[in-house]
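# Observations on the model geometry
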Amino acid sequence: MADDSEWMKLPIDQKCEHKVWKARLNGYEEALKLFQRIEDTKSPEWGKYLGLIKKFVTDSNAVAQLKGLEAALAFVENAHVASRTTGEVVSGVVTKVFNQPKARAKELGMDICLMYIEIEKAEVVQDELIKGLDNKNPKIVVACLETLRKALSEFGSKIVTLKPVVKILPKQFESREKAVRDEAKLLAVEIYRWIRDALRPPLQNINSVQLKELEEEWVKLPSAPPKQSRFLRSQQDLKAKFEQQQVQGGEHSDGDDEEETAAAVDPYELLEPVEILSKLPKDFYEKIEAKKWQERKEALEAVETLTKNPKLENGDYGDLVRALKKVVGKDANVMLVSLAAKCLAGLASGLRKKFGTYAGQVVPTILEKFKEKKLQVVQALQEAIDAVFLTTTLQNLSEDILAVMDNKNPSIKQQASLFLARSFRHCTQATLPKSVLKPFCAALIKQVNDSAPEVRDAAFEALGTAMKVVGEKAVNPFLADLDKLKLDKIKESADKVELPGGKKSAGGAPAEKKPAAKAAPPEAPKASAPPKKSAAAASKPSSGAPKKGKPASGGKAKKTSDGKEVAEPELTMEVCEELAAGVLPQYCLQVLDSANWKERLASMEEFQKAVETMDKVAMPCQALVRMLAKKPGWKETNFQVMQMKLHIVALVAQRGQFSKTSASVVLEGLVDKVGDVKCGGNAKEGLTAIGEACSLPWTAEQVVSLAFAQKNPKNQAEALNWLANAMKEFGFAGINVKAFINNVKTALGATNPGVRTAAIALLGVMHLYMGAPLRMFFEDEKPALLSQIDAEFEKMQGQTPPAPTRFTRKSASAEDEGDEGEEHEEDGGGGGQDVMDLLPRSDIGDKISSDLVSKIGDKNWKIRKEGLDEAAAIISEAKFIKANIGELPLALKGRLTDSNKILVQQTLSILQQLAAAMGPGLKQHVKSLGIPIITVLGDSKANVRAAALTTLQAWVDQTGMKDWLEGEDLSEELKRENPFLRQEVLGWLAEKLPTMRTVPGDLMLCIPQLYACLEDRNGDVRKKAQDALPTFMMHLGYEKMNKATGKLKPASKDQVVAMLEKARAVMPAKPAAPAKAGGGKASADLGGPASVPAEEVADGKPEVKKIRGGAAAKKAASTKKPAAKGQKEDDRSGPIFIFVPNAKEQRIKEEKQLKILKWNFITPRDEYVEQLKTQMSTCLAKWLQEELFHLDFQRHVKAIGVMIERLESESEAVIGCLDLILKWFTLRFFDTNTTVLMKALEFLKLLFIMLNNENYHLTEYEANSFIPYLILKVGESKDGVRKDVRAILTMLCKVYPASKVFPFLMEGTKSKNSKQRSECLEELGCLIEGYGMNVCQPTPAKSLKEIAVHIGDRDTSVRNAALNTVVAVYNVCGDQVYKLIGNLSEKDMSMLEERIKRSAKKAPAKQSAPEKTQRDHPANPNATFSRKPAQEDPNKLKIMYRTYKIQSRQQHNEPSHPSIPKEFQLDLDMIEEDMIREEYKLPDLIQHNLDELLEPIIIPKLMTRNISLHFDDLHNSTASTINYVISQVASGDINTSIQALAQIDEVLRQEDKADAMSGHIDQLLIATIMQLRLINSTHLADDRVDKKDVIKLYSCIMGSLLSLFSMESLAREASMGILKDLMHGLIMLMLDSRVEDIEEGTQVIRSVNLLVIRVLEKSDPTNLISALLVLLQDSLVSTAGSHRISDLVMKCLWRVIRFLPETIHNINLDRILLDVHNFMKVFPKEKLKQHKSDLPHRTLKTLLHSLCKLTGAKILDHLSMIENRNESELEAHLRRVVKHTGNLSGVKSDRGNEKSGLRTEDRMSKAKVSDILTEIFKKIGSKENTKEGLTELYEYKLKYSDADLEPFLKNTTQVFQSYVERGLRMIESEREGKVRIQTVIPQNSCDSVLSSNEELRPAAYYYERLKILKQRHGLENTGRQAGLNSSEEEPQQQQQQPTISLMSKPAVVSSTDMLHSKLSQLKESREQYQQERSALSPTRAHTRSASPAGNLDDLKKRLERIKSKLQ
């Protein structure tokens, strides 16, 4: 019991892991209760159990496991983090639960699997279950099969992917276990329920008995399709619908469900593809051409057998298709024709979409072959063409089909129509738009009147099918000319049509009810009038109606109120007189034809009055106009009467229901008078009125044709002028350009200049809408005329078409939305691409002869070129061509891969020519010719790739992008591992995808290749792939792309997911759909995108509807527009927030009851947005809601602006819908547009201020919906956003308890975003400071443990933030913090202790007070930003000043400094003030109390031992200072950079300090390289910058680098990449002519020269050689003036080669040889020899020869890092060199020995050398003989300068090494006659003494150094000038190097320097040699003094002098 009492006290999570099973059982029970009790799915409590759930299900105790399974099920059902555990838990269930004997355990295991599927993890579950099928335990296999069956039964085939299940099913039928076979049988039956016969092919090979049993079971299944009964979390809407159907009996949407089910699984997808090309008979192509038909038959039968495979592997079937096509088209044997057709059908069925490439080639041949009469052949051809149709689209085949519709052979016409009928059945309203249907209907209408009955019947069937598919309303406009009998026949055919899959037609019964219901109300008021009219019309039917009505048939006839379009019948004169008598005064009719003009005028006046008062419905328009046309009619001689007549025509057209039949009566008369001086105005008015009544396109066509049928030039000119003006008034919608072109051309050729002028003016207006393509119609005109047209077009350039002011009236009452969409579609094309369709095109198919094709494919390149020239000439001559270009595509495709690059480029230019000539018809050649263009992008030559890209662009301009992205072709291209191809294609896609609104689903096929490119070896490919990633994501979505990473390797997946996260942040928004103006016909921007500003169009929408929607008579548009606008503005003046009592409470209640979705997501899905939109509709003004949910971000910005204005005035309503407002703003946090985000944050700041003023407190519901998403933005990369978010968080604590904000911030610290983690930690620190420890929830201990974890974070900013937060806790609760944070690693604890030591320690009460006062004033949002000033650093330096932030926060009101100054502490107050002001000034020096420096360092014990060169304490405390100073090196301010360089040089020049730089070398060099680039790009180019300052900066850089590279130990730390960049920067500087032009510039270049030599001598030889090889490779690859760079790089390599004998032992040969191998891969031997200079080749040979010479045959053992070394040129080359030179390892030449005059025979053997050196080091190690040993070592070094001491020194201590080095220097100094002091280290590093190449310095050098040191420390002022002079005198000498490096430092003494001066003084006081101390005094006289007081005064004076210089 004692044990029980122990574990009973443990928390639940620890019980669950306890070793005692009872404890675990109890833990599982409590966990189950807890999981059922937690309501919040995002509760942090769930996170505790993430790692335990697998243990729940795999518990070894059966009783505990059962309870664990129940708890696990509850966890999966309720926890938002459950999806993370899917893989491990399901794997545990499969292996440890499914084998349990208890049925309950197995049942719970299945429930867990199904629950994981419900939470969107079906794929992972399915994978684990399929893995379980390989388990040896049959119980597990049975359970897995049962689970799969249950999942399929409940979730359906859309959720459970059937392909992998079907694939493994046959194997289960072979199992020895009957239980497995039985379960497999049940699974097969369940699968059959969902996919029916699609399952048969994969199971054909199982045991026949089993198959028979399955067949019997399948027959028993109900025919009704199964339905999904369980739904994913994202399918809640479907769930609700399903439940509703269950209640109502499920009668409503059976058909829909059936259709969905049918589409869910494609049997084709379940099959494995078969490769057949390789299985073709070898002699197939010979046999197919054989003369004997039996041989041809054998070949075809072999192909037929292969094509019977239901799924074929993709490949190049071009030759096979051409062979079969030839048989179909030309073979005389009909049996072979049908056999070839069957083969084509089999290929099309097996390849599906992949066959689309060849569809355009075979369809014309098949259609032509329909002339055959034999039924067998016709059936085979029908099957073939039907199969081909399914591989492409009707639009792609339209041109070929339309071409045969006019064929003379009735069989061809009949079969073409029947093919259309069958094709229409496979279409939908979406895939059969009116633009495609229109030309087909026109062709079919012609066939309806054909003499052959079979042709007519086929046409009726095709039109009936079209009507069934798209609906009667969509087809009726095209059938206006057909009489009733024919219309009835079409409708009868439509009724007979049965669409596949039982789909509902658009024109079916359910669809017809709605229009009738809609149309009923308008009919009611006018029900009395029409019967009268129709009765009269019916009383005397007209026999001549069809004939006379023909002119009116050009467009759409008038639609009556029931929505059907019927032409008004033509009335006889008797009927017209009868109707007119009913509405006109008798007198008026009597004197209409009076001879007295006055009577006629009076009659007209009466006529006008009657029309003005007449009811619109009762007005017999046709009768009235016929009365006006009655004699004298339009021959009226009196102009007054004529004016009245014309005016009445306009009135009738405006006020009545004016049809085209009525218009045709008057148009001729109006056109005849349009040129009349007196009556022309009235005639134009009448024409305009008719245009409004009957549509401008129809009216304009009639007017122009009538005008040019006359010979009156005045009428022609005025008709054209009227049309130009009408286009501006009506817009360009529906204008038939083609109808005008010929008439305009006639006008241009007219003799009358007025007609020509009018025609040119009309073209100018048309150009406004159509743009440049219009000019193509007139290119054949005379040059003079063409120049006039161009001048007119030039005038219109840049103008936008005016918005339409007039509209066709009928659209307001009769047009439905479908028509509007159609009009918009047609209009949009009318000005752009459709214009290309109007151009007259010639067919060049006949000119592409077989001779030309064979020429293009000839073996001789000259003949191939001739062929290409001929093809180019044919295309050029034709100008505009049809899509039929015969065999040319295949011929050109072959030339794209030609070995002759000139021909490739010529082919590309022909393809560009083809694109321009063919226009939109190019689409059908995309697969056959377009995709091969992409292949050319992989060419190695840049100019070929550029030409291919230009060609690609030309094609895409004509075809659009959709066809390129369909199918697998693009993904197949990306699979090629060609870096050029990949980077070009990805760059192209990155450019094109953002412009597309939708993309085909096949784009997903490119994702695996895109991910492969992200990890490509080529850097350019990786970069392009990263650039393309966001553009793919904008179409496919993050979720899909993230899911696709599941197939990657774990290492790759992590990298790709990280890149996806980055891409998600910069993902562009999809382009908005083009705005449709109201009703679709009012669109003014038909010619292009730049016609009307978006705002105008958008604002115009409601106005247009108001103008057109009224039923009253036509009024001026100008009077209605402002009224509409004013009305709109009035609507916006009301309140925008609507207060609904208790609405918020109701929403909270509904969310708790799960009636609505909880606001909880990673990214907002559509269902969340729709739900919010619905909820907000009751709380916001309608217009505001439309703005808030608009696709255009600018609308969001405007809406937020209005909300800001109304915030205070409507505060009550705002609070009432606050939850919805906050939710909407969370959606904006996921937008990528910064403008919206900043505006949103501005509103939120003001909102929280208002809430605080109103004393409102957020509810839990509001906070949970908002705060987690706000915290996401705290990690935003933009400073402005972070600043605002921090301000909002501060204000949030005023309206929501800080203790409740705390957990949200804690959750934010778990983010992957390091900025978010650091910011959240900082905020936590601020909360603790402001509100004390009570704010830590759930408990301080738990919170502090989680915070302390981040002290060990990889990111510096996170570490510092965590340390600051813990320090804040320390300041509140003191040493108790160590208990709260728990156990930390030693490293983390030491960091924390150091930080706490450095923080000011104050009492908790005192420290919280100022913080509280600071937080009490949030009225100004920006007031809180001073909490984190270091983050606003505009340069974004990585140096963390936050170490001191808490201290600065506490002291912001107290200017006093800490009592003990730290010598390496920065003046952070000053820095932070600089950051806030964004000013860059040199900081003032900190005032130090110098007396205190001396106090802690006078302990005698520390003086007794020899001090090591490494000051560990110093190193630790200076790390952040060094980082900061290095970061200032790259500063944009020259003085700041000079200051930093001076400080670094100070450290580098003193050995005891220089070691502190270790580990910072790469960082320093990067900063220096950046500064060099900055000088090059900015300072040198900026005239405002003083060039003397630039020279000074250069000198400082060279000086500090010379100091650095003088110390070999530090120089060797430079990495390869950094050395490469450094050498490149220095070489570029030497070559920069701008530097030479500056005064003293030559001096800089000399310094660079010396520096390069020093780098070559002192750097790590391996890194250096690698860097130079890479740099040489880059410079040779680059084309822009790189030969000078490569020459200098090679000189450096030659110099390094000279050092090889000395450095060979320190070189990593494996790495060097790998770099040489990589170089030779890029530049193989032959390619390198072709270089214009042989120097690179010689350099590489010399390097390899030298290495071989020095290492001999052993060099071949160092090729380990090279993959496929046998394929490497390098190995072969090395073997040749070794063979020729022999084994040279023992006969190395030694340059050092040659210089010193030693002979090679004096060399000793290695063993002898080793013995001598061992003896010498023994002497040095003994106390008695140490001096003797050092002397012998020095002499030995002189004699054998290349001796390697490293093996003897490497195992000794640092102290011993330093002792040896100092001893050698002492001996060297004594022999030179100079005494050197061991505490002052010379510029050269300690290794330089041991270097064989280092020369001893003359005395003048040290004297000069002494002078410069004095000058630097303020003791001399002439040093710089002297230094300059001396350097000029010795330009080429190496001795000038230190002069340059020393003379260039400004006179600044840092606090670091002073401290070390004191330390060195104390150190020297212990030295035993008096003469050394006296020698030191001249150089450091200023640092020592007789007394401390004097020394202090001296230091103070010098500090003041330095400060005065800086000011």
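Residues numbered from 1 in each chain as written. Predicted model: local features only at pLDDT ≥ 70, side-chain atom pairs only at ≥ 80, totals over all residues. Heavy atoms only, no water.

In this section: the environment of K1315. For K1315, the location among the structural elements is in helix α70 (residues 1314-1331). For K1315, a relative accessible area of 32% puts it in the partly exposed group. On a C-alpha basis, the gap between K1315 and S1357 in space is 7.6 Å, while along the polypeptide they are 42 residues apart. Every residue in contact with K1315, bar those within four places of it in the chain, is listed here: V1274, G1275, E1276, S1277 and R1282. (Helix = DSSP H or I, 4+ residues; strand = E, 2+ residues; numbered from the N terminus. Buried < 20%, exposed > 50% of the residue type's maximum accessible area, 1.4 Å probe, protein only. Contact = heavy atoms within 4.5 Å.)

Attention now moves to the confidence of the model for the protein chain. Across the protein chain, the average pLDDT comes to 75, with 76% of residues at 70 or higher. When mean pLDDT is taken per element in the protein chain, helix α9 (residues 138-155) scores highest with 92 and helix α103 (residues 1936-1943) scores lowest with 34. Counting interchain partners and residues more than four positions distant, the pLDDT-below-50 stretch residues 1488-1494 has 12 contacts. Across residues 1783-1805, confidence stays below pLDDT 50; counting only partners more than four residues off in sequence or on other chains, it has 31 contacts. (pLDDT = per-residue confidence, 0-100.)

Right, let's talk about the nonpolar core for a bit. Within the largest apolar cluster, 96 residues are counted, with the highest numbers of intra-cluster contacts made by M1557, Y1594 and F1605. Beyond its immediate sequence surroundings of up to four residues, Y1594 is in contact with L1572, I1575, L1580, L1629, V1635 and V1644. Core analysis: the next-biggest nonpolar cluster, separate from the first, contains 95 residues, Y1168, L1270, I1288 and C1293 among them. (Core = buried A, V, L, I, M, F, W, Y, C linked by side-chain atoms within 4.5 Å.)

Turning our attention to the side chain of Q716. With respect to the helices and strands, Q716 occurs in helix α38 (residues 713-730). Residues within four places of Q716 in sequence aside, it is in contact with A707, F708, Q710, K711 and V755.

Summed over the entire model, instances satisfying the criterion amount to 23 aromatic pairs. Here the aromatic rings of W955 and W964 are separated by 6.3 Å at their centres, their planes lie at 75°, and the arrangement is edge-to-face. The same class applies to W955 as to W964, namely buried. Over the ring of Y1038 we find R1064, and its NZ or CZ is 3.9 Å from the ring centre. For the cation-ring pair, R1228 lies above W1224, with the distance from its terminal atom to the ring centre recorded as 4.6 Å. (Phe/Tyr/Trp six-rings, centres within 6.5 Å; stacked < 30°, edge-to-face > 60°. Lys NZ or Arg CZ within 6 Å of the ring centre and 35° of its normal.)

In this section: the pattern of salt bridges. For the structure shown, the criterion picks out 77 salt bridges. Several salt bridges share partner residues, and in doing so they unite E118, E154, R230 and R233 into one network. (Salt bridge = Lys/Arg side-chain N within 4 Å of Asp/Glu carboxyl O.)

Residues K1725, K1729, K1741 and R1776 make up a contiguous surface patch of positive charge. Along the chain, K1729 falls in helix α92 (residues 1725-1729). Judged by its relative accessible area of 46%, K1729 falls in the partly exposed class. (Patch = residues over 30% accessible without salt bridge, like charges linked within 9 Å, V, L, I, M, F, W, Y side chains within 5 Å. Areas by Shrake-Rupley, 256 points an atom, 1.4 Å probe, with all protein chains shown as cover. Lys, Arg positive; Asp, Glu negative; His and termini not counted. Charge placed at Lys NZ, Arg CZ, Asp CG, Glu CD.)

Attention shifts here to helix α33 (residues 621-629). Burial runs high along α33: eight of the nine residues are buried. Looking at the buried positions of α33, the neighbouring elements they touch are α30 (573-583), α31 (586-590), α32 (597-613), α34 (639-655) and α35 (660-673).

Further remarks concern the packing of helix α21 (residues 394-404) against helix α22 (residues 410-425). Remark: α21 packs on α22, axes separated minimally by 10 Å, with the N-to-C direction vectors making an angle of 160°. In terms of their interaxial angle, α21 and α22 are classed as roughly antiparallel. The crossing of α21 and α22 is left-handed. From α21, L394, L397, I401 and V404 reach across to α22, where they touch I412, K413, A416, F419, L420, S423 and F424. Taken together, the residues of the contact of α21 with α22 break down into nine nonpolar, one polar and one charged. (Axes fitted to C-alpha atoms, helices over the stretch in contact; angles between N-to-C directions. Parallel < 35°, antiparallel > 145°, perpendicular 65-115°, else oblique. Left-handed = near helix turned anticlockwise from the far one by under 90°. Nonpolar A, V, L, I, M, F, W, Y, C, P; charged D, E, K, R; others polar.)

With that out of the way, let us pick up the packing of helix α36 (residues 680-694) against helix α37 (residues 696-709). Two elements in contact, α36 and α37, have axes separated by 7 Å at closest approach and are oriented at 135°. Relative to α37, the element α36 is oriented oblique. Taking contact as the criterion, the partners of L687, I690, G691 and C694 in α36 are, on α37, L696, W698, T699 and V703. Here the contact of α36 with α37 is built from residues that sort into six nonpolar, two polar and no charged.

A cis geometry characterises the amide bond from Q1337 onward to P1338, with omega recorded as 0°. For P1338, the position within the fold is in the loop between α70 and α71 (1340-1349). Of note, the phi angle at E120 is positive, near 75°, even though the residue is not glycine.

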